[in-house]
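Examining the three-dimensional arrangement
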Amino acid sequence: MKSKLIILSLFSCFLAACGGNEKPVDLTDKQTTKEQKADLAIVTEKALSSAARLPGQLAPFNEVNIFPKVNGFVKEIFVDRGSEVSKGQLLLVLEAPEMESQLQAANSRYLQAQETATATKEKYNRLKQAASEPGSVSPLELDNAAARMRADNAIAQAEKSNVQSVKTMQGYLRVYAPFNGTITQRNVSPGALVAPGKSTDQPMLILQDTHKMRLEVAIPEDYVDKVDLKQKVSFTFNAMPGVTHSAKISRSANSLNDMRSEAIEIDVTNDHGQLKPGMYAEVKIPMLSGAKSLLVPTSAIIRSTERRYVVTVVDGKAKLIDVKEGLVGKDETEVFGDLKPGDKVLNNANDEVKDGDAIR
């Protein structure tokens, strides 16, 4: 009985202790401003020589879509996809039966005009001989005969030109290669009806010259005045890793396109035929910054999917400044943004630092 009383007494004391007015201990950090330990670097201003790595793409040195110049049907085709052709080689033959009729009609008109011109010329010569006798032929009649002779001769020459024009059109029925290269597409077969088309229409054949190729690279606007044209560029193709090529820049557009970049081209020889149009390459282009640039440690730049920025320190507080990257050196990177020489930036920063955080 005593043991039960003791247990009840202890339980009552426990309830009394829990029901007291004691408050829980506040274990949270009462510090309202996050404080970041500083590892500061200074924004410097100097010239930076380096190289930019940019993507490039191979294109054939020459490429042409072959369309017919006249309406017709494909009679014979002598090439197919992958065929190597030489300049002047016959590629295909068209047929247009109505063109033969046009040539015969043009020839007939020319012969008729030629006979008429010959007759008027003989008439003029007879009148001219007769005019040697005074009073036998009036001057007006002689002048009219001369004018008629010249007119008929002009008509004959016009008909002759018309015959030559029809023959030229007939020559368009035979299609020849404009340069050495490879047929990369064949879109017609014998019997197909073809007609002159626009650049957006499907061509009969596509011919590419791949013995020499163009490596096209787009230089961003920030780099266009910093490309060192005197040095060779080096490049590697994604399809052939480990093999480095080098060459000089062959030409540049000297104009910015809609993507705010300037196109440059590097001529690449393709002696063994390993390179194909459309292959991608990584191109290392030597750059020389002529003017002084603002540089920060590469580790000071914070990169996220939304932005790139650095953390500056002003009066012991963090301030985030958006930047745009330029040339990249060994340990420093050229930046463009609301910065000036001597500004302090947080080195090895991360995206946990927010505007206004205390920096000590």
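The rules we used
- Residues numbered from 1 in each chain as written.
- Predicted model: local features only at pLDDT ≥ 70, side-chain atom pairs only at ≥ 80, totals over all residues.
- Heavy atoms only, no water.
- UniProt positions renumbered as here; feature names shortened; annotations may be inferred.
- Pairing = 2+ DSSP bridges.
- Helix = DSSP H or I, 4+ residues; strand = E, 2+ residues; numbered from the N terminus.
- Phe/Tyr/Trp six-rings, centres within 6.5 Å; stacked < 30°, edge-to-face > 60°.
- Buried < 20%, exposed > 50% of the residue type's maximum accessible area, 1.4 Å probe, protein only.
- Lys NZ or Arg CZ within 6 Å of the ring centre and 35° of its normal.

Looking up the chain in an unreviewed UniProt entry gives the name Efflux RND transporter periplasmic adaptor subunit, with the organism given as Mucilaginibacter ximonensis. Per UniProt, the chain carries the Sequence similarities (unreviewed entry) text "Belongs to the membrane fusion protein (MFP) (TC 8.A.1) family."

Details of the pairing of strand β15 (residues 261–269)
Pairing geometry for strand β11 (residues 205–220) and β15, over nine bridges, is antiparallel. Pairing of Ala-218 across the sheet is with Ala-263, part of β15. In this sheet, β15 lies alongside strand β14 (residues 251–256) in antiparallel orientation, the contact comprising three bridges. Pairing of Ser-252 across the sheet is with Ile-264, part of β15. Linking β14 to β15, which pair antiparallel, is a turn of four residues; within it Arg-260 sits at a positive phi near 60°.

Structural notes on the packing of aromatic side chains
In the structure shown here, the tally under the stated rule is one aromatic pair. Between Phe-235 and Phe-237, the ring centres sit 5.7 Å apart and the planes meet at 75°, which makes this aromatic pair edge-to-face. Phe-235 sits in the buried class, given a relative accessible area of 2%. You can call Phe-237 buried: its relative accessible area is 1%. The lysine or arginine in question, Arg-214, covers the ring of Phe-61, its NZ or CZ lying 4.2 Å from the ring centre.

Some details on the pairing of strand β9 (residues 181–186)
In the sheet, strand β6 (residues 84–85) pairs with β9 via two bridges, with the strands oriented antiparallel. Following the sheet pairing, Glu-84 is matched in β9 by Thr-182. As paired strands, β9 and β11 are joined by four bridges and run antiparallel to one another. Bridged to Ile-183 within β11 is Leu-207.

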